[in-house]
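# Report on the structure
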Amino acid sequence: MRKNYIAGNWKMNKTLVDTQDFAINLSNKLPELKNTEIIICPPSLFVYEMAILTKDTAINVGAQDVSVHEKGAFTSEISAAMIKSTGAKYCIVGHSERRKYHNETDEIINQKLFVLLKNELTPILCIGESAEERENNLTDKVIIKQLSKGLKNVELSVPFIIAYEPIWAIGTGNTATPEMAEEVHLLIRNWLKENYNEKISQTIPILYGGSVKPSNIEELLKQPNIDGGLIGGASLEVDSMREMIKISENIEV
Ligand code: PEP
């Protein structure tokens, strides 16, 4: 049985005070949770603060990226050991904005997965096709390439999360229909079965990301292979997070 995940990716938003307010307000307003795992990924500068302020709550904390290097002369980079030492449990890897603006390749993403797993952090591996790739019927090919190269030689075991994030749906308001998303989630699950095993394919949560919000999350979560959302814009407000958490709790897992 897989839980539902409500994971917020704040990207480059919020200050320290905003982070503190959010952590306190969301912690205070949380219902008791049975089915839902909450993850907040603030900017790396505020990961520790978020981890401290939510320590005894149901809120888990993640970083948005990690260095491929373990330590040393790499100005501005943040290592997996540093992230681990803040109390964070998760780390997003391979977000399309990192691929696009920082030239991250599947090979780099693969190295990042190794450093995260070595440091016992749970990766949230993002994959997804562009609008052009979808228009040219290349979605399956792109997803399989990103999985095969990103996970090359990775001994997959739980905990590990995959997020399907079609690039054309991120920050655009154009969500994939639940059916479109489900089709790709099933492809990912089948790929995991073929390349790992049935147990892995059934236990790894596959999240959908791309303009998820309170008004569309229910239909997405009702799909059998969608186990939650990786949410950008709508994760920035406590009330909208709380609403999505409540919806998630009411959906059977
Ligand atoms: C994201 O940041 O991964 C994302 C899906 O953003 P948004 O929800 O704003 O589309």
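Here the structure is shown first, and the text comes after it.
Only a predicted model underlies this, so the values are computations on that prediction, with no experimental measurement involved.

Within the secondary structure, G210 sits in the loop between β7 (206–209) and α10 (217–221). Along the sequence, G210 and I170 sit 40 residues apart, while their C-alpha atoms lie 4.1 Å from each other. Among residues more than four places away in sequence, those in contact with G210 are E165, A169, I170, T175 and L230.

Counted according to the given criterion, the structure contains 17 salt bridges. The partner of R99 in a salt bridge is D106, and the shortest N-O contact between them spans 2.7 Å. What makes R99 buried here is its relative accessible area of 18%. Residue classification places D106 among the buried residues on the basis of a relative accessible area of 5%. The closest approach of N and O atoms between K149 and E107, which form a salt bridge, is 3.8 Å. Here K149 is found in helix α7 (residues 139–150), whereas its partner E107 is found in helix α5 (residues 106–118), with 42 residues between them in sequence. Owing to a relative accessible area of 38%, K149 belongs among the partly exposed residues under this scheme. Taken together, the shared-partner salt bridges in this structure form one network comprising D65, R98, E104 and K112.

Turning our eyes to something else, we now look at the site of the ligand. With respect to spatial proximity, 14 residues lie near the ligand, and among them K11, E165, G171, S211 and G232 are the closest. Contacts to the ligand include S211, whose backbone N or O atom sits 2.8 Å from an oxygen atom. Contact with the protein chains covers 95% of the free accessible surface of the ligand, which is 290 Å².

Once that is clear, we can look at the nonpolar core. Side chains that are nonpolar tend, in soluble globular proteins, to be buried together. Judged by nonpolar contacts, the single largest core of 62 residues is most densely connected at L26, I40, L151, I162, I188 and Y208. No other element matches the six residues that helix α8 (residues 178–195) contributes to this core. In this view, Y208 contacts Y164, P166, A169, T175, A176, A181, H185, L220, I226, G228, G229 and L230; residues no more than four positions away in its chain are not counted. C41, I124, A163 and L230 belong to the second-largest nonpolar core, a separate cluster that totals 12 residues.

Turning our attention to the packing of α5 against α7. Helix-helix packing is characterised by the crossing angle of the two axes and by the distance between the axes. Orientation of α5 relative to α7, taken along the N-to-C sense of each, is 45 degrees, at an axis distance of 8 Å. Judged by the inter-axis angle, α5 sits oblique to α7. As α5 packs across α7, the resulting crossing turns out to be right-handed. Here α5 contributes D106, E107, N110 and L113 to the contact with α7, which in turn contributes K145, Q146, K149 and G150. Residues that form the contact of α5 with α7 fall into these classes: one nonpolar, three polar and four charged.

Our focus in this paragraph is a nonpolar patch on the surface. The grouping of I24, Y48, I52 and L53 at the surface amounts to a nonpolar patch, some 340 Å² of accessible area in total. Examining the composition of the nonpolar patch, we find that three residues originate from one element, helix α2 (residues 47–53), more than from any other. With respect to the secondary-structure elements, L53 resides in helix α2. With a relative accessible area of 30%, L53 lands in the partly exposed category.

For the rest of this paragraph, the subject is the side chain of H95. Position of H95 among the secondary structure elements: in the loop between β4 (90–93) and α4 (96–101). Accessibility expressed as a relative area gives 4% for H95, which makes it buried. Within the structure, the side chain of H95 is placed 3.0 Å from the backbone nitrogen of E97, a separation counted as a polar contact. In terms of polar contacts, H95 uses its side chain to reach the side chain of E165, at 3.3 Å.

Covered by surrounding structure in β7 are I206 and Y208 together with L207 and G209, the residues of both alternating faces. One ladder, built from two bridges, connects β7 with strand β8 (residues 228–231); its direction is parallel. Bridge pairing in β8 places G209 opposite L230.

Parameters at a glance
- Residues numbered from 1 in each chain as written.
- Predicted model: local features only at pLDDT ≥ 70, side-chain atom pairs only at ≥ 80, totals over all residues.
- Heavy atoms only, no water.
- Helix = DSSP H or I, 4+ residues; strand = E, 2+ residues; numbered from the N terminus.
- Contact = heavy atoms within 4.5 Å.
- Salt bridge = Lys/Arg side-chain N within 4 Å of Asp/Glu carboxyl O.
- Buried < 20%, exposed > 50% of the residue type's maximum accessible area, 1.4 Å probe, protein only.
- Near = heavy atom within 4 Å.
- Polar contact = N/O pair within 3.5 Å; in protein donor to acceptor, adjacent residues only side chain to side chain.
- Areas by Shrake-Rupley, 256 points an atom, 1.4 Å probe, with all protein chains shown as cover.
- Core = buried A, V, L, I, M, F, W, Y, C linked by side-chain atoms within 4.5 Å.
- Axes fitted to C-alpha atoms, helices over the stretch in contact; angles between N-to-C directions.
- Parallel < 35°, antiparallel > 145°, perpendicular 65-115°, else oblique.
- Left-handed = near helix turned anticlockwise from the far one by under 90°.
- Nonpolar A, V, L, I, M, F, W, Y, C, P; charged D, E, K, R; others polar.
- Patch = residues over 30% accessible without salt bridge, like charges linked within 9 Å, V, L, I, M, F, W, Y side chains within 5 Å.
- Pairing = 2+ DSSP bridges.

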